[in-house]
Amino acid sequence: AQSVTQLGSHVSVSEGALVLLRCNYSSSVPPYLFWYVQYPNQGLQLLLKYTTGATLVKGINGFEAEFKKSETSFHLTKPSAHMSDAAEYFCAVSGGSGGYQKVTFGTGTKLQVIP
Amino acid sequence: NAGVMQNPRHLVRRRGQEARLRCSPMKGHSHVYWYRQLPEEGLKFMVYLQKENIIDESGMPKERFSAEFPKEGPSILRIQQVVRGDSAAYFCASHRGDYNEQFFGPGTRLTVL
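Calculation rules
- Residues numbered from 1 in each chain as written.
- Chains lettered and ligands numbered in written order.
- Predicted model: local features only at pLDDT ≥ 70, side-chain atom pairs only at ≥ 80, totals over all residues.
- Heavy atoms only, no water.
- Pairing = 2+ DSSP bridges.
- Helix = DSSP H or I, 4+ residues; strand = E, 2+ residues; numbered from the N terminus.
- Axes fitted to C-alpha atoms, helices over the stretch in contact; angles between N-to-C directions.
- Contact = heavy atoms within 4.5 Å.
- Salt bridge = Lys/Arg side-chain N within 4 Å of Asp/Glu carboxyl O.
- Buried < 20%, exposed > 50% of the residue type's maximum accessible area, 1.4 Å probe, protein only.

Undergrad: Talk me through the sheet that holds strand β7 (residues 65-68) of chain B; I want residue IDs and the actual numbers.
TA: Residue and element names in this part refer to chain B. The sheet built from four strands is open, its strands ordered β1-β3-β8-β7 with antiparallel pairing. Each having just a single partner strand, β1 (5-7) and β7 make up the two edges of the open sheet. Each adjacent strand pair in this sheet contributes to an overall mean axis angle of 15 degrees, direction not counted. As paired strands, β7 and strand β8 (residues 75-79) are joined by four bridges and run antiparallel to one another. Residue pairing for β8: Phe65 is matched across the bridge by Ile79.

This is the structure:
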């Protein structure tokens, strides 16, 4: 069984400020972890993913996330918010490699960037 | 290299009609997922298919909903006798089988009047 909890359905930051979107997961096996971004009326786009290896993962648009097994977390950060970052962000977990593993998504966090 | 294609992008149906949503996965991808998205609820898994096989339909309502992914052609999500509660955005995603990274289509927004 696996699940994802995203803390805060809405987050507001000022342009240029740090972006921190929180994600905690549970998984009975070593997880694969993902962050997706969704712009209005569009599908989801992969920002970054953790599978194995280095726990700090860098993605597109300046985002990064760190896998912390002890905290079962995979928080998404960006040092300086840009207006174009306003979107909805989804954290997701799957049960790793080896055959079919369902991906479970969190309920999403809407990021508002204030000029 | 085209991404995941979904059509139609918008679909309006009256209660009791049928809705057919189509998904063409990325080239080389033989795995397709369907999700439903309701406001403030995130994505809910519906069904996972490989070519000609339903692998996991645990998220799909037992009544009125069906999905297929034939050997040739797109995957189809079919909703019979639609009700207002079926109004949502339906997303298709595909992957080629490694690392579970899924590539999403733009979605079909179904409105039931």
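Undergrad: How would you summarise the side chain of Asp85 of chain A if you had to cite specific residues and measurements?
TA: Along the chain, Asp85 of chain A falls in the loop between β8 (73-78) and β9 (87-94). Setting aside its immediate chain neighbours within four residues, Asp85 of chain A contacts Phe63, Lys78, Ser80, Leu111 and Val113 of chain A.

Undergrad: Summarise the pattern of salt bridges; cite the residues concerned and give the values.
TA: A side chain of one charge can pair with a side chain of the opposite charge when the charged atoms of the two come close. All names here are of chain B. Enumeration according to the criterion identifies five salt bridges over all chains in this entry. The residue Arg20 makes a salt bridge to Glu18 at a minimum N-O spacing of 2.8 Å. For Arg20, a relative accessible area of 36% gives the class partly exposed. Look at Glu18 and you get partly exposed, because its relative accessible area is 30%. Linked through salt bridges whose partners overlap, the residues forming this network are Glu18, Arg20 and Arg78.

Undergrad: Kindly report on the environment of Leu38 of chain B, identifying the contributing residues and their values.
TA: Residues and elements named next belong to chain B. Secondary-structure assignment places Leu38 in the loop between β4 (31-37) and β5 (43-50). In this structure, the C-alpha to C-alpha distance between Leu38 and Gln80, residues 42 residues apart in sequence, is 19 Å. Contact partners of Leu38, with chain neighbours within four places excluded, come to Ser87 and Ala88.

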